[in-house]
Amino acid sequence: MLLETKSICKYFGGLKAVDDVDFRLEQGRLKSIIGPNGAGKTTFFNLVSGLYAPTHGSILFKDKDISNMSINDRSQLGITKTYQLTHIFPRLTVFENVRLAAQSRHTIFNFWRRAYSLSEVNDKALAVLEHLGLLKVQSRIAAELSHGEKKYLEIGIALATEPEVLLLDEPTAGMSPAETIEATHIISRLAKELSLNIILIEHDMSVVMEISDEIMVLHEGRKLAEGTPNEISANEIVQNVYLGKGASRDA
Amino acid sequence: MHKSNGSNKSMINRQGDWRTRFEFRAMIVAFIFAPFLPFIISKPLATEIIVYGLFALGFNLLLGHTGIISFGHAAYLGVGAYSAAMIVFYGEVGVWLALLAATIGGLLVAIMIGILAIKRKGAYFAMISLAIGQMFFFLTLSPLTRWTGGEDGLKLPPLSIDFPLYVNLSNQLHLYFFILTIGCLATLAQWRILNSPFGHVLRAIRENEDRIRACGYNVSRVKFLSLIFSGLFSGLAGGLLVVYLGAASINLLFWMTSGVIVMKTVLGGTHTFFGPVIGAGVFLFLRSTISEYTDRWELWLGALFMVLILLFREGIWGSLLNLIEKRFYHSKL
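Residues numbered from 1 in each chain as written. Chains lettered and ligands numbered in written order. Predicted model: local features only at pLDDT ≥ 70, side-chain atom pairs only at ≥ 80, totals over all residues. Heavy atoms only, no water.

Caption draft 1: Spotlight on the environment of T55 of chain A. Residue and element names in this part refer to chain A. Within the secondary structure, T55 sits in the loop between α1 (41-49) and β4 (56-61). When the C-alpha atoms of T55 and M175 are compared, they prove to be 35 Å apart, with 120 residues separating the residues in sequence. If near-sequence neighbours (up to four positions away) are discounted, T55 is found in contact with C9, K10 and Y11. Only 2.8 Å separates the side chain of T55 from the backbone nitrogen of Y11, close enough to count as a polar contact. (Helix = DSSP H or I, 4+ residues; strand = E, 2+ residues; numbered from the N terminus. Contact = heavy atoms within 4.5 Å. Polar contact = N/O pair within 3.5 Å; in protein donor to acceptor, adjacent residues only side chain to side chain.)

This is the structure in structure tokens:
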């Protein structure tokens, strides 16, 4: 098993944001997490990526307990997430945004060398920019990008750290339908080409149904159902709680 | 056109972006013209500008590049100065060892503040550094009077250097060139540090600390090192100040010193490399000019500072760079 959570919980005071969730991600899979607002999806991501420590339960990566590992150590291990609200380096160039992430896999305690002379890092950053169609804007200041481009840059920063497990938090939020389709294709292509293992949070049901291998449904912090896209769309409980209302609105 | 990067996809110049390359050239031009400075303005003023320029550069490593607000930088300068003065006064050693002692003094303060406060952010770090700065001031002023000379400071005999060549530091011009040489070397060293892989992470911390941590960097360690470098440069500046003044004075440790270095740095432009030197230069020049006409120079300098900051939002050098970049660089794209 690549990544596994065992009865993981996160309480904020009396609020059970994530409550007793067992989750398993196998090698080579793309698994989506869906659920209404406030279901605990982002909290679950923050537990896996290391932003929060779990109240109870444990997280295993390749059978090793990483529950108390810091976010930077988990990134070095190969687990990284993108942010729902874009979280970039606004006054640096697009290239530098991605280059910094790529550089994190090298030692930085070399004070005499020029950062831009690390060819390996440069090439890695350029490759990521090419994958995401951001080569044209590489020398622009990140803050000047369009919303869609920022979303891609967000993914680019995560990709440049060469993750094994990539957690994508609503990568298509705020995108137009056309952009969403394009982003969907890019994500599923990346998953295959870079043999990434992806966990995806997404509101757009058409995206989820198209690219997921498996889906987990969260509701009020608890796991409601789990299965293939077909099983989930056939599940009555899920339809009642979520899909019935959600699908018609998102369609 | 840009140099090729061994890859036709890249529009990246290995020397850095436009601003970086422009600032590097500007710095070289400044180095070429600096030897003429003591013939334009007074020799002591020119010397003071170099020393405080270096101090401001060290300070801006934290403020402008890493985004850490320190209100206790007098501690690095002052402890550096007293380390140098005391080792000369009691140990009767030469200037080189004194400068080494000053640098180590700055380093030790940085380690101390780093251990106590580096995990604190924003105002919390600023207040802790201010408190520690004041602690050094009062320690030097009274409990340690026997060694530090308290309010009178420590006055040193005339200094000279024998190695690698003889320099009589009582000669104002020789003194200037000695301090200029050290200042230029230290500036170049800091330039290299800021353009290294490490230096780039500093800027990323300033831009988005949480994100760069999530990229896998140990942010606390990088910040700690940034503080160490700032302490080294500031301590060295303190040592140079002792060589220039021929004494260590308690004023160097006073909190006003910490406040004035913020003003100088902001005046020049925090988001630039060379801005702090420009800021220190303009500030010291204005102060010496105004104080020739009136005793209330602080009032006029304060008013001028406000006008300059309103006029140049990014500091004098920062706003100038923005203007030049817009006019001459973006118009070509």
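Let us keep going from here.
Caption draft 2: Structural view of the environment of M216 of chain A. Residue and element names in this part refer to chain A. Tracing the sequence through the fold places M216 in strand β9 (residues 214-219). With a relative accessible area of 0%, M216 lands in the buried category. Along the sequence, M216 and D123 sit 93 residues apart, while their C-alpha atoms lie 36 Å from each other. Not counting the four nearest positions on each side in its chain, M216 is found in contact with V21, D22, F23, K31, S32, I33, I34, F44, K223, A225 and E226. (Buried < 20%, exposed > 50% of the residue type's maximum accessible area, 1.4 Å probe, protein only.)

Caption draft 3: Looking closely at the confidence of the model for chain A. Averaged over chain A, the pLDDT score is 90; the fraction of residues at 70 or greater is 96%. Per-element confidence in chain A is highest for helix α3 (residues 94-103) of chain A, whose mean pLDDT is 96, and lowest for helix α9 (residues 236-250) of chain A, whose mean pLDDT is 63. (pLDDT = per-residue confidence, 0-100.)

Caption draft 4: Region of interest: the interface of chain A and chain B. Listed by partner, the interface residues are 44 residues for chain A and 38 residues for chain B. Of the roughly 3700 Å² buried at the junction of chain A and chain B (both faces included), carbon and sulfur atoms supply 60%. One salt bridge connects R211 of chain B with E154 of chain A, and the closest N-O pair in it is separated by 2.6 Å. Run the count over chain A and chain B and you get 19 residue pairs in polar contact (both at pLDDT 80 or more). Those elements that provide at least two residues to the side of chain A that touches chain B are α2 (71-77), β6 (79-81), α3, α4 (119-131) and α5 (147-160) of chain A. Broken down by element, the side of chain A that touches chain B gets its largest block of residues, six residues, from α3 of chain A. Looking at side-chain class alone, the side of chain A that touches chain B contains 20 nonpolar, 14 polar and ten charged residues. (Buried area = accessible area lost by both parts, 1.4 Å probe. Salt bridge = Lys/Arg side-chain N within 4 Å of Asp/Glu carboxyl O. Nonpolar A, V, L, I, M, F, W, Y, C, P; charged D, E, K, R; others polar.)

Caption draft 5: Just the domain arrangement of chain A, in detail. Residue and element names in this part refer to chain A. Per the domain assignment, the segments making up chain A are domain 1 (1-78 + 163-251) and domain 2 (88-162). Here the C-alpha centre of domain 2 lies 26 Å away from the C-alpha centre of domain 1. Taken together, the contact between domain 1 and domain 2 spans 20 residues of the former and 13 residues of the latter. Taken together, both faces of the contact between domain 1 and domain 2 bury some 1400 Å²; the carbon and sulfur share is 59%. Where domain 1 touches domain 2, the interface holds zero salt bridges. Elements supplying a minimum of two residues to the side of domain 1 that touches domain 2: α2, β7 (165-169) and α6 (177-193). Ranked by residues supplied to the side of domain 1 that touches domain 2, first place goes to α6 with seven residues. Looking at side-chain class alone, the side of domain 1 that touches domain 2 contains eleven nonpolar, three polar and six charged residues. (Domains from an automatic or database assignment.)

Caption draft 6: Structural detail: the pattern of salt bridges. Taken as a whole, this structure holds 19 salt bridges over all chains when the rule is applied. Across the pair R140 of chain A and E144 of chain A runs a salt bridge whose closest N-O atoms are separated by 3.6 Å. With its nearest N and O atoms 3.1 Å apart, the salt bridge here joins E207 of chain B to R206 of chain B. By the burial criterion, E207 of chain B is buried, and R206 of chain B matches it. A single network of salt bridges, built from pairs that share partners, joins R29, K31, E214, K223 and E226 of chain A.

Caption draft 7: How the structure looks around the sheet that holds strand β8 (residues 197-201) of chain A. Residue and element names in this part refer to chain A. Across the sheet, six strands lie side by side as β6-β7-β8-β3-β9-β10; this open sheet has mixed pairing. Since the sheet does not close on itself, it has two edges, and those belong to β6 and β10 (222-227), each with one partner. Taken pair by pair, the neighbouring strands of this sheet meet at an average axis angle of 15°, ignoring direction. Two elements, β9 and β10, share five bridges in a ladder whose sense is antiparallel. Within β10, the residue paired with M216 across the bridge is E226. (Pairing = 2+ DSSP bridges. Axes fitted to C-alpha atoms, helices over the stretch in contact; angles between N-to-C directions.)

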